[in-house]
Amino acid sequence: LNPDKTEVLVLKNKWNKAPDIEKILINPEDGETEVAPRARNLGVMFDSTLSMADHVTKVVKACNLQLIQMWRIAGKLSKAQKTKLVSTLIHSRIDYCNSLLVTLKESDLKRLQKVQNSATRYIYGKRGRRGVTKLRMKSHFLPVKQRIEYKICLMVYKTLHDQSPPYMSEMLVRRPQKVKSLRVDNDVTALKEVRRSEYHYENTRGAFSIAAPKLWNQLPRIIRDSESLATFKTSLKTHLFHRAYNQ
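Cut-offs applied
- Residues numbered from 1 in each chain as written.
- Predicted model: local features only at pLDDT ≥ 70, side-chain atom pairs only at ≥ 80, totals over all residues.
- Heavy atoms only, no water.
- Helix = DSSP H or I, 4+ residues; strand = E, 2+ residues; numbered from the N terminus.
- Buried < 20%, exposed > 50% of the residue type's maximum accessible area, 1.4 Å probe, protein only.
- Core = buried A, V, L, I, M, F, W, Y, C linked by side-chain atoms within 4.5 Å.
- Contact = heavy atoms within 4.5 Å.

J.: Can you help me understand unusual backbone geometry in this one?
T.: Glycine aside, residues mostly have negative phi, and peptide bonds are mostly found in the trans state. Positive phi, close to 65 degrees, is recorded for Met52, a residue that is not glycine. Relative to the assigned elements, Met52 resides in the loop between β4 (44–47) and α1 (53–71). Accessibility expressed as a relative area gives 3% for Met52, which makes it buried. Backbone geometry at His140 places phi at a positive 60 degrees, although glycine is not the residue there. As for its placement among the helices and strands, His140 is situated in the loop between α4 (133–138) and α5 (144–160).

J.: When you look at the nonpolar core in this model, what are you seeing that I'm missing?
T.: Considering soluble globular proteins, one finds that nonpolar side chains tend to be buried as a cluster. In terms of nonpolar packing, the biggest core is built from 48 residues, with Ile90, Leu112, Val156, Trp216 and Phe232 touching the most fellow members. Every element with two or more residues in this core is listed here: β4, α1, α2 (79–95), α3 (106–124), α5, α7 (208–217) and α9 (229–244). The biggest single contributor to this core is α5, with eight residues. With sequence-adjacent residues up to four places away left out, Trp216 is seen in contact with Cys153, Val156, Tyr157, Leu160, Thr189, Leu191, Arg224 and Phe232.

Rendered as structure tokens:
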């Protein structure tokens, strides 16, 4: 490992009262390496408690700076062109690795939602803090929370249909059927959920093997039974859209 390019992050429970580790020995030849308060991997910022707050701050800052630049040319663009800009420059940042944000705090989730709201106002040329829910519906935008759920459920579908790397299929287990049980227990599309007593740290709630089965089982069976990926995507977005806007 190159000590000049290596970042060391020690993960811990946020309720852990043990003293912080300042240095750690990785390679005896290079000496001790300082522990960083946060580290970047593939463009995602991780902190020691996996709260993802630093990553949200990074995304919000980048999106707001981008929106400032986009407003300068807003008068010369059509609504369709502005929609494409939002999809390319804003939603792409919000959606990048957003499956890691499934256990995000409500306060941090609202920060991301405010960015999407600002982007929606940009499309329609609305400034200020006016209500934006109807505009989001008009543009068929899923709110940030539902976009996260969409990504995770899509990953589950691809994994169950052998369209993902093999290691992901090892994280999902079909729920065993019971010989004598209610009809709902014989759902062959359902996954086995990990009970709270089976994992020790709150940080692990966002793990794919824990969060994905729970979200997947909440979907109507008719969606989980989709025969093609295109059908699943359409049905899933429609379901989440109606649930988000209480339709």
